Amino acid sequence: MNPYMTACEVAEYLLISCRSLREFQSYMFGSSLFGVGSDFDILVIGPSGEPLSRVKSELEMVGRELPLDILYMLPEEVIETKFFSKAKCIPLAELAKYMKTESLDIGMCLLSISSTN
Amino acid sequence: MKWQVRYALQNILENLKEVSACHIDGEAIAIEVPGQAKAIAVISAADVINSELARQYHLEYQDMDFLCGYRKGCIWEGEAIKYLEGNGMGWGNAGALSSGISSGNLRGATHKDFLFSYRLISQVRSIKNLDREFDRVIRIKLASGADLRIGMIMEYEPTADVIRTFWDNFGPIDIAWNINPNGYPTQNAIAAADELGCRVMKWGELRKLL
């Protein structure tokens, strides 16, 4: 693993390395999207119980050498807190997809995602 | 170079103007700000920093001005905090490191997340004894004789998972104090606290209790 990764590279790495993430919705938000800040803010939305324990354990393992700050929310908590209207969140899958394009423009990516939400 | 040292250097060089920083050896970096003496910070990837580890770092890097727990979930034990502060060294996360560099006082810098709330509760007159067990867990004895174990929850809007994980990591608490003044705990967080046997409070409610 490259010890010095961009937001898009982190998104792709997490999706490939953490199979349990497929059972959840996963996003990146915060200043790390713009290349500033000391960590990558990740939002994981889904059920509690065993699936949650599984994804937490997997993410802890694959993220050992990444500065991740992961927030786990139940779907109803996302609605209650209006999280999406407060923080610009980009699905990890979209970030990973944008990484494959030659020139990444996070601003355009944000506009693109928000217009589809 | 270790991953956390690389990220710390990148963060400092990109976000702090007129500051130069470089890797010295192992987990140590040197920080230079024009007009100030060179400072040494040690960037640790430990999950938990206890007094033994703090002593080891101090022994290895005798000129250390600041010990940084770079991992977001890094937990500091109270004895480690006492050791570092007692020896005139700063401690805390990446945010505290940046603040300490900006203010020119790395040795006086402490973990930003809990700085204000810890100071706030330390000034309450009805508290007769206060023991900081962890960076975010304090045990207090009130003048009335009551004992309370309080956890400081820094999340903007604590979720059910935040409360349960805190309980798992630090043991039973009486009060989960939501120290972020802007958000509110979710209904699921309040229900999770009820199930565990504690209460989630904002400062206004906690102040009345004290």
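Residues numbered from 1 in each chain as written. Chains lettered and ligands numbered in written order. Predicted model: local features only at pLDDT ≥ 70, side-chain atom pairs only at ≥ 80, totals over all residues.

Some points on the overall build of chain A
From N to C terminus, chain A includes six helices and four strands. Secondary structure elements of chain A occur, N-terminal to C-terminal, as α-β-β-α-β-α-α-β-α-α. The burial tally for chain A puts 34% of its 117 residues in the buried class. Here the analysis covers contacts within chain A between residues at least 6 apart in sequence; of these, 64% occur between residues at least 24 apart. (Helix = DSSP H or I, 4+ residues; strand = E, 2+ residues; numbered from the N terminus. Buried ≥ 20, exposed ≤ 12 C-beta atoms within 10 Å, placed from the backbone. Contact = placed C-beta atoms within 7 Å.)

Section: the confidence of the model for chain B
Residues of chain B with pLDDT of at least 70 account for 100%, and the chain-wide mean is 94. This complex was scored by the predictor with a pTM of 0.84 and an ipTM of 0.74. (pLDDT = per-residue confidence, 0-100.)

A closer look at the pairing of strand 2 (residues 28–32) of chain B
Residues and elements named next belong to chain B. Of the two faces of strand 2, only the one carrying Ile29 and Ile31 is buried; Ala28, Ala30 and Glu32 on the other face are not. Bridge count between strand 1 (residues 20–25) and strand 2: five bridges; the pairing is antiparallel. Looking at strand 2, one finds that Ala21 is bridged to Ile31. Between strand 1 and strand 2, which pair antiparallel in sequence order, lie two residues; one of them, Gly26, sits at a positive phi of approximately 55 degrees. Summarising the sheet, strand 2 and strand 3 (residues 39–44) pair through four bridges and their orientation is antiparallel. Within strand 3, the position partnered with Ala30 by the bridge is Ile40. Between strand 2 and strand 3, which pair antiparallel in sequence order, lie six residues; one of them, Gly35, sits at a positive phi of approximately 85 degrees. (Pairing = 2+ DSSP bridges.)

A look at the sheet that holds strand 3 of chain B
Residue and element names in this part refer to chain B. Read from one edge to the other, the open sheet built from five strands follows the order 1-2-3-5-7, with strand pairing classed as mixed. A strand with exactly one partner marks an edge of an open sheet, and here the two such strands are strand 1 and strand 7 (90–92). Across this sheet, the average inter-strand angle for adjacent strands is 25 degrees, counted without regard to direction. (Axes fitted to C-alpha atoms, helices over the stretch in contact; angles between N-to-C directions.)

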